[in-house]
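The primary structure of each chain is shown beneath.
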Amino acid sequence: MTESAKDLLGKPLTADEKELLGLYQQLKAMSQKQQLPPCALMNLKQAMVLLWNACNDLGLLGEEPGCD
Amino acid sequence: MTPNWSPYWNEKHETLQKDQLRALQTIKLRRLVEHAWHCSPFHRRLYERAGVTPDQLRGFDDIRRLPFMTREDWLGNQAEKPLFGDLITRPASEAIRYHLTSGTSGKQPLRVLDGRKDWSWIADMWCYGFWGFGIRPADTVFFAFSYGSFIGFWGAHYCCEKLGCLVLASGNMTTEQRIKQIVELGATVVCATPTYALRMGQTAEKLGIDLRRDGKVQKVIVSGEPAGSIPAVKKMIEDMWGGKCGDTAGMTEIGTIMIFECDHQPGGPHIIEDHFIEEVLDPETGAPVPYGERGERVVTSFGRGFIPLIRYRTRDLVCKVPHSRCRCGRTGDIYDGGILGRVDDMKLIRGTNVYPRAVESIVREFKEVEEFQIVITREASVQDEITVKVELKPDQQHIWPQLSVRLGKDLADAHEGLRFNVLLAAVGELPRFELKAKRLQDLRPAN
């Protein structure tokens, strides 16, 4: 996990939050792989965005919404 | 077995203590302004002119260092650099949605673009509202909405898909077809403007359908007009449909809702404060007004990345009260009575202020009224006259002599004795609306 295990307010992440954030980071990294077949890449992007939403709601990351 | 759902969409932040909420908003504000500073030339110019930089935003109150953004700024920018101006933070080719403001004000519409994350966030804000009002995966949700370029209930549609509800999109159906499908498929939730929720109820009566008996609607979610928080309008909708009526409010400039009524219904909607900063300011001076006083909504949205919305002057009139008014546990403050109208809605008639929403709240106390219209004229180039045209239900025509006297008196009593002309319109004479109603006609010459 690249980010510190704290939320935006500095509270330690719960085990579920860590897992959620980890999943998002995996999807985000994988959705950069342009060589993937469209059926994989586009669905990955959709999944990544939904995970971003969950992490954003819970204050697990501070990415501006513009970057996907 | 029904799962034991949380009453909150996001308990972690919806119940955050106020000091923590302010800290979260401050962190998000600074990141948002940094994003706008680096990616939106429009915002960079705005801040440079005001002599403010992102690093000056250290505490919550530093938001006041930031200049306001207005609709005129936005329109001017799009006119100068068509089609979308340079306030967008990314190339237009990366957007996935394009929408317009509704155009009911008769002004040039605003154009908006959204990316994938924006659009997902837009649906998520509706989730706060729908979940908070008790919509759950087992619900069947009917959208009485035309699905055009006006953003309207688009986000709510995707919210309900996200929740796992059965979604009924009515698109270009007629009112009669919509009512029949609501009954046939047993919709448990109906979404519409308050005006159209009433119209569907009236049409059902004419079709001989008793929605309370024949339908299964438990909740009517309204949006798009201030009338959604007028108690008399809500009662009419609830009487017609047999379900609870919950108000929400949003705007195309945000792309979604920023306030929603929870199922405790404390007299107004909660602000989604972990995703928005809602300031209430004196519209003339720009100074903050305290709880319980009317002022203009100025919104900052943390969710839309394509078009940053920071200290945007909405011209909406509101009255903020503390979250403690409600016992639901949310710490988002409340707009007492919802959106009260527009700052520029106020009409001055012979020295008295008249707000269309206030007139509607009185007219809707009379259940015999089917539709109404407010007409303002200037007689002999001097005297302003205000007339309320009233269309009664076809079987209630006999009540007019008594109703007209009472209505005229109630309107005058609520407006410092101002005389209102009250006229009976023929059945079917007044216009009907599907989206936002336009019931005020100011026919006075422009000064």
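Residues numbered from 1 in each chain as written. Chains lettered and ligands numbered in written order. Predicted model: local features only at pLDDT ≥ 70, side-chain atom pairs only at ≥ 80, totals over all residues. Heavy atoms only, no water.

Here we look at the packing of helix H2 (residues 18–39) of chain B against helix H3 (residues 41–50) of chain B
Residue and element names in this part refer to chain B.
Stage number 1. Viewed as axis vectors pointing N to C, H2 and H3 meet at an angle of 105 degrees, and their least axial separation amounts to 6 Å. Classed by the angle they form, the pair H2 and H3 counts as roughly perpendicular. Seen from H2, the contacting residues are Val33, Ala36, Trp37 and Cys39; seen from H3, they are Pro41, His43, Arg44, Tyr47 and Glu48.
Stage number 2. Of the residues in the contact of H2 with H3, the class split is six nonpolar, one polar and two charged. (Axes fitted to C-alpha atoms, helices over the stretch in contact; angles between N-to-C directions. Helix = DSSP H or I, 4+ residues; strand = E, 2+ residues; numbered from the N terminus. Parallel < 35°, antiparallel > 145°, perpendicular 65-115°, else oblique. Contact = heavy atoms within 4.5 Å. Nonpolar A, V, L, I, M, F, W, Y, C, P; charged D, E, K, R; others polar.)

Points about the interface of chain A and chain B
Stage number 1. Contact with chain A, which involves 26 residues of that partner, is made by 29 residues of chain B.
Stage number 2. Buried area between chain A and chain B, summed over both chains or domains, comes out near 2,100 Å², and the portion from carbon and sulfur atoms is 54%.
Stage number 3. Remark: the boundary between chain A and chain B carries two salt bridges.
Stage number 4. For the salt bridge of Glu17(A) with Lys12(B), the shortest nitrogen-to-oxygen distance reads 2.9 Å.
Stage number 5. Among the secondary structure elements, those contributing two or more residues to the side of chain A that touches chain B are helix H1 (15–30) and helix H2 (38–57) of chain A.
Stage number 6. Element by element, the count of residues in the side of chain A that touches chain B is highest for H2(A), at ten residues. (Buried area = accessible area lost by both parts, 1.4 Å probe. Salt bridge = Lys/Arg side-chain N within 4 Å of Asp/Glu carboxyl O.)

Here we look at the nonpolar core
Residue and element names in this part refer to chain B.
Stage number 1. With 90 residues, the main nonpolar core has Leu66, Trp74, Phe130, Val141 and Phe143 as its most contacted residues.
Stage number 2. The element that contributes the greatest number of residues to this core is helix H5 (residues 116–132), accounting for nine residues.
Stage number 3. Ignoring sequence-local partners within four residues, the contact set of Phe130 consists of Ile135, Val141, Phe143, Ala156, Cys159, Cys160, Leu163, Cys191 and Ile221.
Stage number 4. If you look at the next biggest cluster of nonpolar residues, it comprises 27 residues, including Val190, Val222, Ile230 and Met236. (Core = buried A, V, L, I, M, F, W, Y, C linked by side-chain atoms within 4.5 Å. Buried < 20%, exposed > 50% of the residue type's maximum accessible area, 1.4 Å probe, protein only.)

Overview of empty space enclosed by the protein
Residue and element names in this part refer to chain B.
Stage number 1. The tally for this structure, following the rule as stated, stands at two cavities of 30 Å³ or more.
Stage number 2. If you go around the second largest cavity, the residues you meet are His13, Glu14, Leu21, Tyr128, Phe260, His270, Ile271, Ile272, Glu273, Asp274, Arg330 and Gly332.
Stage number 3. Broken down by secondary-structure element, the contributors of at least two residues to the lining of the second largest cavity are helix H1 (11–14) and strand E9 (270–271).
Stage number 4. In the lining of the second largest cavity, the residues fall into five nonpolar, three polar and four charged. (1 Å grid on protein atoms, 1.4 Å probe; cavity = no way out; pocket = protein on both sides within 12 Å on 5 of 7 lines; lining within 4 Å. Points joined across faces, edges and corners; volume = space filled by probe spheres on them.)

Remarks on helix H10 (residues 231–241) of chain B
Stage number 1. Residues of H10(B) that are buried include every one of Ala232(B), Val233(B), Lys234(B), Met236(B), Ile237(B), Met240(B) and Trp241(B), and no others.
Stage number 2. Backbone geometry just after H10(B) places Gly242(B) at a positive phi near 80 degrees.

Some thoughts on the pairing of strand E4 (residues 166–169) of chain B
Residue and element names in this part refer to chain B.
Stage number 1. Two elements, strand E3 (residues 140–143) and E4, share four bridges in a ladder whose sense is parallel. Looking at the pairing, Phe143 lines up with Ala169 of E4.
Stage number 2. Crossover connection from E3 via helix H6 (residues 154–163) to parallel E4: handedness right-handed. (Pairing = 2+ DSSP bridges. Right-handed = clockwise from strand over helix to strand, strands pointing away.)

Re the environment of Arg364(B)
Residue and element names in this part refer to chain B.
Stage number 1. By the secondary structure assignment, Arg364 is in the loop between helix H11 (356–363) and strand E17 (369–379).
Stage number 2. A relative accessible area of 3% places Arg364 in the buried class.
Stage number 3. On a C-alpha basis, the gap between Arg364 and Val321 in space is 25 Å, while along the polypeptide they are 43 residues apart.
Stage number 4. Discounting residues that sit within four places of it in the chain, Arg364 has contacts with Leu198, Ala232, Val233, Met236, Val369, Glu370, Glu371, Phe372 and Arg439.

Observations concerning the environment of Pro431(B)
All names here are of chain B.
Stage number 1. For Pro431, the location among the structural elements is in the loop between strand E19 (421–425) and strand E20 (440–442).
Stage number 2. Since its relative accessible area comes to 38%, Pro431 is described here as partly exposed.
Stage number 3. The sequence separation of Pro431 and Glu371 amounts to 60 residues, and the corresponding C-alpha distance is 8.2 Å.
Stage number 4. Ignoring sequence-local partners within four residues, the contact set of Pro431 consists of Glu371 and Gln373.

Comments concerning the pairing of strand E18 (residues 383–392) of chain B
Residue and element names in this part refer to chain B.
Stage number 1. By the criterion of burial, E18 is predominantly enclosed, with eight of the ten residues buried.
Stage number 2. Sheet topology note: the E17/E18 ladder contains ten bridges and is antiparallel. Note on E18: the bridge partner recorded for Phe372 is Val390.
Stage number 3. Linking E17 back to E18 in an antiparallel pair, the connection comprises three residues, with Ala380 at a positive phi of about 50 degrees.

Remarks on the packing of aromatic side chains
Residue and element names in this part refer to chain B.
Stage number 1. For the coordinates displayed, the defined rule picks out 14 aromatic pairs over all chains.
Stage number 2. Considering the side-chain rings of Phe143 and Phe153, the 6.0 Å spacing of their centres and the 55 degrees angle between planes classify their relative orientation as tilted. Within this pair, whereas Phe143 is found in strand E3, its partner Phe153 is found in the loop between E3 and H6, the two being separated by ten residues in sequence.
Stage number 3. Within the aromatic cluster, the residues linked to one another by ring pairs are Trp119, Trp126, Phe130, Phe143, Phe145, Tyr147, Phe153, Trp154 and Tyr158.
Stage number 4. The ring of Trp154 has Arg97 sitting right over it, with the charged end atom 4.4 Å from the ring centre.
Stage number 5. Positioned over the ring face of Trp131 is Arg136, at 3.9 Å from the centre of the ring. (Phe/Tyr/Trp six-rings, centres within 6.5 Å; stacked < 30°, edge-to-face > 60°. Lys NZ or Arg CZ within 6 Å of the ring centre and 35° of its normal.)

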